[in-house]
Amino acid sequence: MAFGRPERGKSPVEPVTLKILVAGGFGVGKTTLVGAVSEIRPLRTEELLTEAGRPVDDTSGVERKHTTTVAMDFGRITLREDLVLYLFGTPGQERFWFMWDELSEGALGAVVLADTRRLEDCFAAVDYFERRSIPFLVGVNCFEGASRYPAEDVRRALDLDADVPLVVCDARDRASVKEVLIGVVQHAMAYAADRRQTVTT
């Protein structure tokens, strides 16, 4: 085989690229999740928390967090030879939510990360994707020392529709995050197929 050319008889595979958002509250693990699976060095737009932001940055439960995402995190993962995901982590703090509309443009679906210690912090993300009919999956990130609750209890607390997947995950673990991403792609594709069927019937 000549250098840089495909083998004779084999055409190069042009991968399908899909955009997935990673959303949730401040300090829930979005930057960690993107970094855990990205096959490229993740692009991060983190800034140090300052005294000026203290009145509006609720760090209760995540007191050891010293940085915050101000625009987005970006990473890439190849799930198969013909399927590449581009991951966009959204800012978690309310004052940066204006970025969400731009980041969500063209997204196939989203992962909403939840922390059972601060479950209310993901309400805004759930509401955002529901209102815009963007399919999403809820990933309950397992933090050390956090209480474990049955999935159905978390589902009821978030008032999720029955068809919204909810999984337990570890944002630090590549294999765990990969399963979450596969789950959201499958859910988004099923969601799109259901909508097409509804339109044609």
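Because the structure is a prediction, the values reported are computed rather than measured.

Along helix H4 (residues 151-158), the residues classified as buried are Val 154, Arg 155 and Leu 158. An end-on view of H4 places all buried positions within 105 degrees of arc, on one side of the element. Those residues of H4 that are buried are in contact with helix H3 (123-131), strand S6 (136-141) and strand S7 (166-169). Downstream of H4 by one or two residues, Asp 159 has phi in the positive range, about 55 degrees.

On to the packing of aromatic side chains. Under the definition given, this model contains 6 aromatic pairs. Judged by centre distance (5.3 Å) and plane angle (90 degrees), the ring pair of Tyr 128 and Phe 129 falls under edge-to-face. Neither Tyr 128 nor Phe 129 differs from the other in exposure class; each is buried. Put simply, the rings of Trp 100, Tyr 128, Phe 129 and Phe 136 touch in pairs and so form one group of aromatic residues.

So, about the nonpolar core. Among the nonpolar cores identified, the biggest contains 26 residues, and Leu 21, Val 112, Phe 129, Phe 136, Val 138, Leu 158 and Leu 160 are the most heavily contacted of them. Sorting the residues of this core by element identifies strand S1 (16-24), helix H2 (99-104), strand S5 (109-114), H3, S6 and H4 as the ones contributing at least two each. The dominant element in this core, judged by the number of residues it contributes, is H3, at 4 residues. Other than its neighbours up to four places away in sequence, Phe 129 contacts Leu 21, Ala 23, Ala 110, Val 112, Ile 134 and Phe 136. One finds Leu 18, Val 22, Val 111 and Cys 169 within the second-largest nonpolar core, a separate group that totals 23 residues.

All told, the structure shown has 0 disulfides when counted by the stated rule. With no disulfide of its own, Cys 169 lies 6.7 Å from the sulfur of Cys 142, the closest cysteine sulfur.

Conventions adopted
- Residues numbered from 1 in each chain as written.
- Predicted model: local features only at pLDDT ≥ 70, side-chain atom pairs only at ≥ 80, totals over all residues.
- Heavy atoms only, no water.
- Buried < 20%, exposed > 50% of the residue type's maximum accessible area, 1.4 Å probe, protein only.
- Helix = DSSP H or I, 4+ residues; strand = E, 2+ residues; numbered from the N terminus.
- Arc of directions from axis to C-beta.
- Contact = heavy atoms within 4.5 Å.
- Phe/Tyr/Trp six-rings, centres within 6.5 Å; stacked < 30°, edge-to-face > 60°.
- Core = buried A, V, L, I, M, F, W, Y, C linked by side-chain atoms within 4.5 Å.
- Disulfide = S-S within 2.5 Å.

In short, the description is geometric, and any link to function would need to be established separately.
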